[in-house]
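Read off the chains here:
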Amino acid sequence: MHETLRIGGLTRFTTQDFPGRLACVVHLQGCPLACRYCHAPHLRPKKPGQLTWPDCLSWLEGRRGLLDGVVFSGGEPCSQEGLDAALAECAERGFATGLHSSGVLPDPLARILPLLDWIGLDWKAPPELAGLVTGRARVGQRFLLALDVVLAGGVPYEIRTTYHPSLLPWRTMVEMAETLAARGVAEWVIQEFSCAGCPDARLVAEAAPLPDPLLAEMGSILPVKVRRAPVPAGASAAGGGV
Ligand code: SF4
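Residues numbered from 1 in each chain as written. Predicted model: local features only at pLDDT ≥ 70, side-chain atom pairs only at ≥ 80, totals over all residues.

**Q** How would you explain helix α2 (residues 83-92) if you had to name every residue and give the values?
**A** Residues of α2 that are buried include every one of Leu83, Ala86, Leu87 and Cys90, and no others. When α2 is viewed along its axis, its buried side chains cluster within an angular range of 100 degrees and face the same direction. Its buried side turned inward, α2 meets α1 (53-61), β3 (69-73), β4 (96-101) and α3 (106-112). Gly94 sits one or two residues past α2 and shows a positive phi near 90 degrees. (Buried ≥ 20, exposed ≤ 12 C-beta atoms within 10 Å, placed from the backbone. Helix = DSSP H or I, 4+ residues; strand = E, 2+ residues; numbered from the N terminus. Arc of directions from axis to C-beta. Contact = placed C-beta atoms within 7 Å.)

Laid out in structure tokens, this is it:
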């Protein structure tokens, strides 16, 4: 059993984070990025976690027959060396294994991929805008490498991108759709930026839904699924699209 996994939190039940599974989410501590829309800044530092892996595993023992999947999320879960062992320990106990990754660490991701039953991979931005979106320069090529690792890996996947008009303009979104279509991606999931809990006041002020004509243009290139941002209480949903 890996004793050193740093766990920042545990979501004990979800039907949203692992397609087709009743799952829990283990949130691992540590992420090298500083995305402007990050809703979990407390998970970014590489510091000791709130829970130990042995405690999590013992809790999972009692969930056999109630949950059928375990998703590791972040932070960036590939930043922890103990992830391989933890995935194997979940599989030994009969749980399907899932991962949410930013794609910033393509080499560890390639090592971990064969241990997974499903992966949700972000494609945050093309290389020329990766620094603006993630707060880190020179990570854009890593995202493309991670994309190619996942597409070649034979593991069921979801490729998703967070949309904000000030970070990913119209032309960029169309070019991203073309890049994914050229790589044979079957469906692209667009998650609208959510204002709730975002620490960047400028992003919040400039937030807007994905325009329907842009959705139609991207949809003419490859199938696109949109996860709409929750509408704040008291606000109008007008302009929200589909
Ligand atoms: S990859 Fe996720 S955890 Fe890391 S900074 Fe970006 S949004 Fe936050």
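**Q** Tell me about the site of the ligand, and please be specific about residues and values.
**A** Taken together, Cys31, Leu33, Ala34, Cys35, Cys38, Ala40, Leu43, Arg44, Gly74, Gly75, Glu76 and Ser102 make up all the residues around the ligand. Per-class residue counts for the shell around the ligand are seven nonpolar, three polar and two charged. (Near = placed C-beta within 6 Å. Nonpolar A, V, L, I, M, F, W, Y, C, P; charged D, E, K, R; others polar.)

**Q** Give me the packing of helix α6 (residues 170-182) against helix α8 (residues 212-219): which residues, what numbers.
**A** Helix packing geometry: the angle between the two helix axes and the distance between the axes. Where α6 contacts α8, the two axes come as close as 9 Å, and the packing angle between them is 25 degrees. Classified by the angle their axes make, α6 and α8 are roughly parallel. As α6 runs across α8, the sense of the crossing is right-handed. Of the residues in α8, those in contact with Trp170, Met173, Val174 and Ala177 of α6 are Leu214, Glu217 and Met218. When the residues that make up the contact of α6 with α8 are grouped by side-chain class, the tally is six nonpolar, no polar and one charged. (Axes fitted to C-alpha atoms, helices over the stretch in contact; angles between N-to-C directions. Parallel < 35°, antiparallel > 145°, perpendicular 65-115°, else oblique. Left-handed = near helix turned anticlockwise from the far one by under 90°.)

**Q** If you had to explain the nonpolar core to someone new, which residues and values would you point to?
**A** One finds Val26, Ile112, Ile119, Leu121 and Val150 to be the most contacted residues of the largest nonpolar core, which totals 63 residues. Setting aside residues up to four positions removed in sequence, Val26 forms contacts with Ile7, Leu10, Cys56, Val70 and Phe72. (Core = buried A, V, L, I, M, F, W, Y, C linked by C-beta atoms within 7 Å.)

**Q** Could you give an account of the sheet that holds strand β7 (residues 188-192), naming the residues involved and the relevant values?
**A** To summarise the sheet geometry, strands pair through backbone hydrogen bonds and adopt either a parallel or an antiparallel arrangement. Read across the sheet, eight strands follow the order β1-β2-β3-β4-β5-β6-β7-β8 without closing on themselves; strand pairing throughout is mixed. This sheet does not close on itself; its edge strands, each paired only once, are β1 (7-14) and β8 (224-227). The average angle at which neighbouring strand axes cross in this sheet is 20 degrees, direction not considered. In this sheet, strand β6 (residues 157-163) lies alongside strand β5 (residues 118-122) in parallel orientation, the contact comprising four bridges. Looking at the pairing, Gly120 lines up with Glu158 of β6. (Pairing = 2+ DSSP bridges.)

**Q** How would you explain the confidence of the model for the protein chain if you had to name every residue and give the values?
**A** Low-pLDDT portions of the prediction should not be read for the details of their coordinates. Taken residue by residue, the protein chain gives an average pLDDT of 93. The fraction at 70 or more is 94%. Note that pLDDT drops below 50 for residues 235-242; the model gives that stretch 10 contacts with residues more than four away or on any other chain. (pLDDT = per-residue confidence, 0-100.)

**Q** Describe the environment of Trp53, naming the residues involved and giving the relevant values.
**A** With respect to the secondary-structure elements, Trp53 resides in helix α1. As for Trp53 and Ile7, which are separated by 46 residues in sequence, their C-alpha atoms are 7.2 Å apart.

**Q** I'd like a description of unusual backbone geometry, backed by residues and values.
**A** Each neighbour pair has its own omega, and for Gly74 with Gly75 the value is -5 degrees, a cis peptide bond. Look at Arg138: it is not a glycine, yet its phi comes out positive at around 60 degrees. Within the secondary structure, Arg138 sits in the loop between α4 (127-134) and α5 (140-153). By C-beta crowding, Arg138 is classed as exposed, having 9 other C-beta atoms within 10 Å.

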